[in-house]
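The lines below spell out each chain.
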Amino acid sequence: MKAHRKLMASCITAALMHTAAAAEERTFTLLERELEYLVSIWPGDYDNREQLAFDASVGKKDMDSGGHLRVHAQIRRVDVPALGEHVLYVEEYKNNDPSSIFRQRLYILSADEAEKAIRLKLMFLKDGKSILGAHDDPELLAGLTSDAVSSLEGCDVFIRRDGDWLAGGMKHKTCLFGQGAQRRYSDYQLRVTQGQYWFRDRILNAATDEVIEQVAEFSWHQLERARWFSCMIDFPKPSGGAPTVTHHYVNMHDQGGTFPFTHPDGRDMVLTMRNNWSYGMQRETFVIVVQQGDETGPTLVYAWGNPGADRIGVNPGYLRVQCDLNTPQQVQLQHWLRPDS
């Protein structure tokens, strides 16, 4: 009997402990799970270089003829306790020029159960120049306080599930600025999925809804996730022979990354890495190409492969290019390959 009572007591104790643990367990809503998913897939580098190639193929050779702006986006999840748990740093540049900043923001994301949406609050940096490059050096954001940023009332973006996408935008005519006849509002929209980040925005007159400013007739800028590669560019020794002396170690991405250099024979060249659409085969093709002068110059040599390949190279004899997916191990192996370079 005593043994039976001890067993019953043990069972009751175990049940109570289980109940207490269950009560302490955090229950996440569907929206909170969507928020965690978004902040896990969105960070990365994106570029719309290939969209510009499609634009040119249908006669939209520049923005004046209806083409899109070339944008490279660098998005990172950052630790800024003063602003919240889910914070993204966004630094975008245009025209393949990192010094030509297009957009620099901090995004504060939260689950808004009342709106049934992920709320994205756009934060403007009061001294953005001091933290340029924070996508590669997050320490620049260390100690950032709420006094270093500002926001505009009514300019939040509300993101909801749309099939495979998480998509959203600002509420109609709430992001207002200007006075009197110059009163305007912003219409910014975005879409994010695995491997892609799209956006479009325009500014309209608040009284008439007349479009004041937009690009490519408000069609989407379609940015694709970029992968980073470490590339070796080798030249022959001055006495001749095979290209076995590495003159350049360079990091570049596969969505239109470029690196200009000068060959020992005096010719200016540029190495470009892309994922081209192959019209004849109806598929993407991973490509590196070396051109004389710049990207408008004649092609000297190129190589192609599967868009998911982790390496690509070419060796026409007067130079050698080897590109490997940028990982610490691959970078180390490259340097071991040319210990004297």
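The structure presented is a predicted model; accordingly, all values stated were derived computationally and were not measured.

For the rest of this paragraph, the subject is the overall build of the chain. In terms of regular secondary structure, the chain is built from four helices and 21 strands. A globule of 341 residues ought to have a C-alpha radius of gyration of about 20 Å, yet the chain, at 26 Å, is considerably larger. Each principal axis of the C-alpha atoms in the chain carries an extent, and together these give about 95 × 75 × 45 Å. The buried share of the chain, taken over its 341 residues, is 42%. Summarising the internal contacts of the chain: among those between residues at least 6 apart in sequence, 50% fall at separations of at least 24. The chain carries 37 positive and 45 negative side-chain charges, and their two centres are separated by 5 Å.

Another point: the side chain of Asp45. Relative to the elements of secondary structure, Asp45 occurs in strand S1 (residues 44-47). Note on Asp45: relative accessible area 5%, which makes it buried. A polar side-chain atom of Asp45 sits 2.7 Å from a polar atom in the side chain of Arg76. Once residues within four sequence positions are removed from consideration, Asp45 is found in contact with His72, Ala73, Gln74, Arg76, Glu224, Arg225, Ala226 and Trp228.

Within the sequence span of helix H3 (residues 49-57), burial applies to Arg49, Glu50, Gln51 and Asp55. Looking at the buried positions of H3, the neighbouring elements they touch are S1, strand S13 (221-225) and strand S17 (268-278). Downstream of H3 by a residue or two, Gly59 has a phi angle that is positive, lying close to 90°.

This paragraph deals with the pairing of S13. Note that S1 and S13 share two bridges and pair antiparallel. Considered in S13, the bridge of Tyr46 is made with Arg225.

Taken as a whole, this structure holds 19 salt bridges when the rule is applied. Residue Lys171 pairs with Glu115 through a salt bridge whose shortest N-O separation is 2.7 Å. Taken together, the positions of Lys171 in the loop between strand S8 (165-170) and strand S9 (176-177) and Glu115 in the loop between strand S4 (101-112) and strand S5 (117-125) put the pair 56 residues apart, joining distant regions of the chain. Across the pair Asp162 and Arg191 runs a salt bridge whose closest N-O atoms are separated by 3.2 Å. Remark: Arg191 occurs in strand S10 (residues 184-193) and Asp162 occurs in strand S7 (residues 157-162); sequence separation between them is 29 residues. The buried category is assigned to Arg191, whose relative accessible area is 16%. Three or more residues joined by partner-sharing salt bridges are found here, namely Asp112, Arg119, Lys121 and Asp156.

Further remarks concern the state of the cysteines. Scanning the entire structure with this criterion turns up two disulfides. Across the disulfide, Cys155 is cross-linked to Cys175 (sulfur-sulfur distance 1.9 Å). Between Cys155 and Cys175 the disulfide shows an S-S torsion of about 85°. By sign, it is right-handed. With Cys155 in the loop between strand S6 (149-150) and S7 and Cys175 in the loop between S8 and S9, the pair connects residues that are 20 residues apart, well separated along the chain. In this pair, the class of Cys155 matches that of Cys175, namely buried. Across the disulfide, Cys231 is cross-linked to Cys323 (sulfur-sulfur distance 2.1 Å). Where Cys231 bonds to Cys323 through sulfur, the torsion about that S-S bond is close to 115°, and the disulfide is right-handed. Of this pair, Cys231 sits in strand S14 (residues 228-237) while Cys323 is found in strand S21 (residues 320-325), placing the two residues 92 residues apart along the sequence. Residue classification places Cys231 among the buried residues on the basis of a relative accessible area of 0%. For Cys323, a relative accessible area of 0% gives the class buried.

Strand order in the open sheet made by the four strands is S15-S14-S21-S20, with antiparallel pairing throughout. A strand with exactly one partner marks an edge of an open sheet, and here the two such strands are strand S15 (240-253) and strand S20 (311-314). Taken over all neighbouring pairs, the strand axes of this sheet differ in orientation by 15° on average, direction set aside. Here nine bridges tie S14 to S15, and the two strands are oriented antiparallel to one another. Note on S15: the bridge partner recorded for Ile233 is His248. Relative to S21, helix H4 (residues 328-337) is tilted by about 155°, and along the sheet it contacts S14, S15 and S21.

Quick notes on the rules
- Residues numbered from 1 in each chain as written.
- Predicted model: local features only at pLDDT ≥ 70, side-chain atom pairs only at ≥ 80, totals over all residues.
- Heavy atoms only, no water.
- Helix = DSSP H or I, 4+ residues; strand = E, 2+ residues; numbered from the N terminus.
- Rg over C-alpha atoms; globule rule 2.2 N^0.38 Å.
- Buried < 20%, exposed > 50% of the residue type's maximum accessible area, 1.4 Å probe, protein only.
- Contact = heavy atoms within 4.5 Å.
- Lys, Arg positive; Asp, Glu negative; His and termini not counted.
- Charge placed at Lys NZ, Arg CZ, Asp CG, Glu CD.
- Polar contact = N/O pair within 3.5 Å; in protein donor to acceptor, adjacent residues only side chain to side chain.
- Pairing = 2+ DSSP bridges.
- Salt bridge = Lys/Arg side-chain N within 4 Å of Asp/Glu carboxyl O.
- Disulfide = S-S within 2.5 Å.
- Axes fitted to C-alpha atoms, helices over the stretch in contact; angles between N-to-C directions.

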